Amino acid sequence: QVQLVESGGGLVQAGGSLRLSCTASGTIFATNTMGWYRQAPGKQRELVASITSRGSTNYADSVKGRFTISGDNAKNTVYLQMNSLKPEDTAVYYCYAGVGAIVNRWGQGTQVTVSS
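Bear in mind the structure is a predicted one, so any value in this text is a computation, not a measurement.

Caption draft 1: Inspection of the pattern of salt bridges at higher detail. Evaluated as defined, the whole model comprises four salt bridges. Its salt-bridge partner being R38, residue D89 comes within 3.0 Å of it at the nearest N-O pair. Here D89, found in the loop between β8 (77–82) and β9 (91–99), pairs with R38, found in strand β4 (residues 33–39); they are 51 residues apart in sequence, far enough to count as distant. Residues D89 and R38 agree in their burial class; the two are buried. In this structure, R66 and D89 form a salt bridge, with 2.8 Å as the shortest nitrogen-oxygen distance. Placement of R66 in the loop between β6 (57–59) and β7 (67–72) and of D89 in the loop between β8 and β9 is noted, with a sequence separation of 23 residues between them. For R66, a relative accessible area of 11% corresponds to the buried category.

Structural data, given as structure tokens:
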């Protein structure tokens, strides 16, 4: 089944940008969506953005207009371009593959820290 490897996290000042990548490998069944959840201290896990194999996208209200998710089906890779980052974006970002918001497989997580 699918294995996910993600990268691109780091430390950035408010207003800066980061680009996350997530690559899927292995055999994938009954999976048409990839995206990211994030988990911040003191907060519940939040679905940040997702994209289907047909290119339909979904964003949390808190990131609309700042984040852009895109995919390359041939490379089995999705990207999350994060602009105008805010301290409240600080979290561990977990790539996932599944169906809609339902998770079949998690990536290992990557830390995003935005300083004031």
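Here the narrative resumes.
Caption draft 2: Local environment of unusual backbone geometry. One non-glycine residue, N76, lies in the positive phi region at around 50°. Tracing the backbone through its elements, the reader meets N76 in the loop between β7 and β8. A relative accessible area of 38% places N76 in the partly exposed class. In this model, S84 sits at a positive phi of 50°, which is unusual for a non-glycine residue. With respect to the helices and strands, the residue S84 is situated in the loop between β8 and β9. On the basis of relative accessibility, which here comes to 40%, the residue S84 falls in the partly exposed class.

Caption draft 3: Spatial organisation of the nonpolar core. Counting 28 residues, the largest nonpolar core has L4, M34, W36, F67, L80, M82 and Y93 as its most contacted members. Of all the secondary structure elements, the ones that give two or more residues to this core are β3 (18–25), β4, β5 (46–52), β7, β8, β9 and β11 (110–115).

Caption draft 4: Layout of the sheet that holds β8. Strand order across the open sheet formed by four strands is β1-β3-β8-β7, with antiparallel pairing between neighbours. Across the chains shown, the open sheet's two edge strands, defined by having one partner strand only, are β1 (3–7) and β7. Put simply, the sheet's adjacent strands are angled 15° from each other on average, direction ignored. In terms of strand pairing, β3 meets β8 through six bridges, oriented antiparallel.

Caption draft 5: Summary view of the pairing of β4. Judged by how many residues are buried, β4 sits mostly within the fold: six of seven residues are covered. From the end of β4 to the start of β5, which pair antiparallel, there are six residues, and G42 there has a positive phi angle of about 75°. Examined bridge by bridge, β4 and β9 share seven bridges and lie antiparallel to one another. Along β9, the bridge assignment pairs W36 with C95.

Caption draft 6: Molecular detail of the state of the cysteines. Applying the stated criterion across every chain yields a total of one disulfide. What pairs with C22 in a disulfide is C95, and their sulfur atoms sit 1.9 Å apart. The disulfide joining C22 to C95 has a torsion of about -85° about its S-S bond and is therefore left-handed. Of this pair, C22 sits in strand β3 while C95 is found in strand β9, placing the two residues 73 residues apart along the sequence. Assessed through its relative accessible area of 0%, C95 is described here as buried.

Thresholds applied
- Residues numbered from 1 in each chain as written.
- Predicted model: local features only at pLDDT ≥ 70, side-chain atom pairs only at ≥ 80, totals over all residues.
- Heavy atoms only, no water.
- Salt bridge = Lys/Arg side-chain N within 4 Å of Asp/Glu carboxyl O.
- Helix = DSSP H or I, 4+ residues; strand = E, 2+ residues; numbered from the N terminus.
- Buried < 20%, exposed > 50% of the residue type's maximum accessible area, 1.4 Å probe, protein only.
- Core = buried A, V, L, I, M, F, W, Y, C linked by side-chain atoms within 4.5 Å.
- Pairing = 2+ DSSP bridges.
- Axes fitted to C-alpha atoms, helices over the stretch in contact; angles between N-to-C directions.
- Disulfide = S-S within 2.5 Å.

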